[in-house]
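Structure assessment
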Amino acid sequence: MTRYQPILIALGIAALLFAPIGQGNYIIYTLCSWLLFSIAAMGLNLTLGYAGQVSLAQAGFMGIGAYITALMTLNGIHWSVAALISILSSFAVGLLLGYPALRVQHHFLAFVTLAFNTLLFLVLRNEEEITGGSFGLVGMERPTFFGISTDSNLAFYYFSLVCFLLAAAAMWWILRSPWGRAFKALRENPIRAESLGLKIRRQTLLAFAIGSAFGGLAGALQTPLVQFIEPSSFALIHSLKLLLMVVVGGSGFFFGPMLGAAVVILLPEMLRFTEGYYLIIYSALVIVLMVYSPNGLIGLGQKLAEKIKPRQEARRDLKEGVQL
Amino acid sequence: MNMRADTTNAPILSVRNISKQFGGIRAVNGVSFDVRKGEILGLIGPNGSGKSTLFNCILGQLKPTEGHCEINGRSTDGVRPADLSLMGVGRTFQQLSVFPKMSVLDNVILAGQEHQGSMLSRLLGKPDAGLTEKAEQLIEFFRLTPYRDTPAGSLSYGQQKLVDAAMAFMAGPGIVLLDEPAGGVNLTMLGHLKERLITYNREHGTTFVVIEHNMEFVMSLCTRIIVLAQGEIIAEGTPDEIRSNQMVIDAYLGG
């Protein structure tokens with residue numbers, strides 16, 4: 001961490017604390033939505049950006065979290081217990097799905113996760129007795145903690161913010177631990193990593209399962225935010241959207257998913273005035289970005305920063321003389 | 001400077017009658033030898049003599065058609081590369097094999113971290129797994145200290161070879177297999193690399209098996225040399241014996 005990073009992070013958190021003040025319900029709702037999608041995208045970033053595996057099932061894991069939370073809270077169980085079960089279940093399903101799927105890896109894994117997301121969608125739609133089918137589930141209340149209700153949108157925003165910060169702290173911990181180094185090594189040179197004792201399959205499987213667990217938490221937040229869930233909220237298109245968030249923001253960068261989620265959620269709102277042309281403009285922008293900066297917006301920022309102020313690399317070998 | 005570690009009679013690596021067939025071609029044909037602890041063994045031979053195939057059979061990357069290898073009395077049959085590393089076998093690669101975007105320090109720490117504690121303790125413990133000091137010593141040993149925080153990919157070719165070697169030594173392996181360590185390295189750096197390898201062998205008693213084309217390098221580094229031609233051992237002995245062996249001169253060194 002550089003000297004400025006703690007200051008920037010403190011400023012960022014302060015901005016998040018003040019962001020909803022004086023805003024209407026719609027903006028606060030959008031901000032909550034951004035927070036929870038950031039959590040899901042953060043998880044996918046671990047799988048895709050760090051462990052280098054393409055998963056098209058992240059929305060499916062959100063669905064698992066959302067439905068478990070909905071069914072449990074509708075039966076009078078407190079949200080915190082339901083959320084914990086949601087996270088653990090997503091982790092467990094991630095392990096079960098990943099174990100056979102990661103044997104194939106890369107684009108094959110993409111197909112397996114795609115099939116899983118579709119399968120989950122069909123189960124949620126067809127098992128009407130449990131999931132309410134196409135009509136979904138309604139009437140889930142927002143949780144109360146120690147007598148403080150999160151019923152108002154503002155209160156729910158701060159509740160989501162706490163969850164988001166906890167998730168970000170957990171991710172930061174993982175990435176700065178030896179696991180983080182192992183994930184980067186896997187992405188850069190898996191053959192060398194394995195020759196140094198790294199158990200590739202186990203490490204990748206854990207990255208996938210932890211990433212899925214983040215999806216589960218995001219789903220557990222979506223249930224009380226929207227207070228209505230239905231299968232199509234967790235269909236394949238949403239997994240693709242999450243993938244877009246990670247890629248647009250900058251996969252493999254800590255803040256990439258947060259930035260990507262902001263763009264993917266806010267840009268459609270900002271392009272609303274273009275009416276029918278919105279999707280065309282949106283997709284054109286994404287294509288231009290990917291061509292110019294495959295590392296997403298953060299990569300683009302780095303490119304620009306280096307253009308403005310190129311780093312000087314001294315010839316240290318000359319300084320060392322003929323020693324080397 | 002040229003003193004080597006004392007060797008013992010106990011073999012650390014036993015290659016037993018290894019053969020490897022690719023379709024109609026027998027790349028390695030019934031090769032057997034022992035490597036004793038503390039030895040620096042050179043494996044030389046012209047292109048296509050089966051050196052790399054043999055190397056890959058020893059390292060479990062290829063399954064031999066016949067025969068097997070033992071490291072410290074344990075068979076390497078079907079052992080995955082990660083487990084081989086955990087068994088105390090280090091290796092370097094013929095091509096550059098560092099983690100280019102990670103700093104030199106992170107490269108070297110990574111090489112040791114999987115040998116520390118359990119997976120859970122690595123998640124919950126210190127970010128450097130308590131290895132910074134040891135990694136810095138090794139970086140210092142290879143005189144890479146000025147590049148400690150530099151991304152390994154931006155170093156020169158020879159320096160990256162040194163990082164690769166530092167990584168192979170980080171976990172304190174009993175035996176290290178070096179695949180063409182001199183390839184593409186300039187003369188000054190080559191002398192440095194050889195001197196460091198010899199010093200490491202003397203100080204730690206680590207065994208080396210070296211595949212190499214650079215004769216000068218092999219002859220001055222190794223204590224014993226095995227010459228392969230057409231998949232078979234044609235000569236074995238000290239560097240001086242090999243230099244004067246007529247079969248070797250005919251097959252490889254040239255008149």
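Small disclaimer: the values here were computed from a predicted structure and weren't measured.

The rules we used
Residues numbered from 1 in each chain as written. Chains lettered and ligands numbered in written order. Predicted model: local features only at pLDDT ≥ 70, side-chain atom pairs only at ≥ 80, totals over all residues. Heavy atoms only, no water. Helix = DSSP H or I, 4+ residues; strand = E, 2+ residues; numbered from the N terminus. Buried < 20%, exposed > 50% of the residue type's maximum accessible area, 1.4 Å probe, protein only. Contact = heavy atoms within 4.5 Å. Areas by Shrake-Rupley, 256 points an atom, 1.4 Å probe, with all protein chains shown as cover. Lys, Arg positive; Asp, Glu negative; His and termini not counted. Charge placed at Lys NZ, Arg CZ, Asp CG, Glu CD. Rg over C-alpha atoms; globule rule 2.2 N^0.38 Å. Domains from an automatic or database assignment. Salt bridge = Lys/Arg side-chain N within 4 Å of Asp/Glu carboxyl O. Polar contact = N/O pair within 3.5 Å; in protein donor to acceptor, adjacent residues only side chain to side chain. Axes fitted to C-alpha atoms, helices over the stretch in contact; angles between N-to-C directions. Parallel < 35°, antiparallel > 145°, perpendicular 65-115°, else oblique. Left-handed = near helix turned anticlockwise from the far one by under 90°. Nonpolar A, V, L, I, M, F, W, Y, C, P; charged D, E, K, R; others polar. Pairing = 2+ DSSP bridges. Buried area = accessible area lost by both parts, 1.4 Å probe.

When you go through chain B residue by residue, the secondary structure sums to 10 helices and 10 strands. Oriented by its inertia axes, the alpha-carbon framework of chain B measures out at about 55 × 40 × 35 Å. Out of the 255 residues in chain B, the part that is buried amounts to 56%. A separation threshold of at least 6 residues defines the contact pool for chain B, and within that pool the share at least 24 residues apart is 70%. Within the structure as shown, chain B displays about 10400 Å² of accessible surface, and the carbon and sulfur contribution to it stands at 49%. Seen as two clouds, the 23 positive and the 26 negative side-chain charges of chain B have centres 3 Å apart.

Before going further, it helps to spend a moment on the overall build of chain A. Scanning chain A from terminus to terminus reveals 15 helices and four strands. Against the compact-globule benchmark of 20 Å for 324 residues, chain A has a radius of gyration of 21 Å, which places it among compact chains. Judged by the C-alpha coordinates and their principal axes, chain A covers about 75 × 50 × 45 Å. Here chain A holds 324 residues, and 50% of them are scored as buried. For chain A, restricting intrachain contacts to residue pairs at least 6 apart in sequence, the fraction spanning at least 24 positions comes to 76%. For chain A, the accessible surface area stands at approximately 15800 Å², while carbon and sulfur atoms represent 70% of it. Taking the 21 positively charged and 14 negatively charged side chains of chain A as two groups, their mean positions are separated by 14 Å.

Right, let's talk about the domain arrangement of chain B for a bit. Residue and element names in this part refer to chain B. One can read the domain layout of chain B as domain 1 (38-88 + 173-254) and domain 2 (100-170). Distance from the C-alpha centre of domain 1 to the C-alpha centre of domain 2: 24 Å. Between domain 1 and domain 2, the residue contacts involve 19 residues of the former and 14 residues of the latter. Summed over the shared surface of domain 1 and domain 2, the number is zero salt bridges. Across the domain 1-domain 2 interface, the total number found is six residue pairs in polar contact (both at pLDDT 80 or more). If you list the elements that add at least two residues to the side of domain 1 that touches domain 2, you get α2 (81-86) and α7 (187-204). When residues of the side of domain 1 that touches domain 2 are assigned to their parent elements, the largest contribution, nine residues, is made by α7.

Scanning the model with the defined rule gives 14 salt bridges over all chains in all. Across the salt bridge formed by A:Lys199 and B:Asp83, the nearest N and O atoms sit 2.9 Å from each other. Of this pair, A:Lys199 sits in the loop between α9 (190-195) and α10 (200-226) while B:Asp83 sits in helix α2, placing the two residues on different chains. Assessed through its relative accessible area of 29%, B:Asp83 is described here as partly exposed. A salt bridge links B:Arg36 to B:Glu39; the shortest N-O distance between them is 3.8 Å. Bridged by salt links that share partners, the residues B:Arg36, B:Glu39, B:Arg224 and B:Glu236 form one connected network.

Residues and elements named next belong to chain A. Running from N to C, helix α11 (residues 236-249) and helix α13 (residues 278-292) point in directions that differ by 45°, and their axes come no closer than 10 Å. On the basis of the axis angle, α11 is oblique to α13. α13 is crossed by α11, and the crossing has left-handed handedness. Every residue of α13 that contacts α11 at Leu244, Val247 and Val248 is listed here: Tyr282, Val286, Leu289 and Met290. Looking at the contact of α11 with α13 residue by residue, the classes come out as seven nonpolar, no polar and no charged.

Here we take up the sheet that holds strand β3 (residues 40-44) of chain B. Residues and elements named next belong to chain B. An order of β6-β7-β8-β3-β9-β10 is seen for the six strands of this open sheet, with the pairing classed as mixed. Taken across any chain shown, the strands that pair with only one partner, and hence form the sheet edges, are β6 (89-91) and β10 (232-237). Taking each pair of neighbouring strands and ignoring which way they run, the sheet shows an average axis angle of 20°. The sheet contact formed by β6 and strand β7 (residues 175-179) spans three bridges and is parallel. Paired with glycine 90 across the strands is valine 176, a residue of β7.

Before going further, it helps to examine the interface of chain A and chain B. On the chain B side, the residues contacting the 31 residues of chain A number 43 residues. Between chain A and chain B lies a buried interface of about 3200 Å² when both sides are counted; carbon and sulfur atoms form 60% of it. Counting the contacts that link chain A with chain B gives four salt bridges. The interface formed by chain A and chain B holds 18 residue pairs in polar contact (both at pLDDT 80 or more) in total. Take the side of chain A that touches chain B: its biggest share by element is seven residues, from helix α8 (residues 178-188) of chain A. Across the side of chain A that touches chain B, the residue classes break down as 13 nonpolar, six polar and 12 charged.

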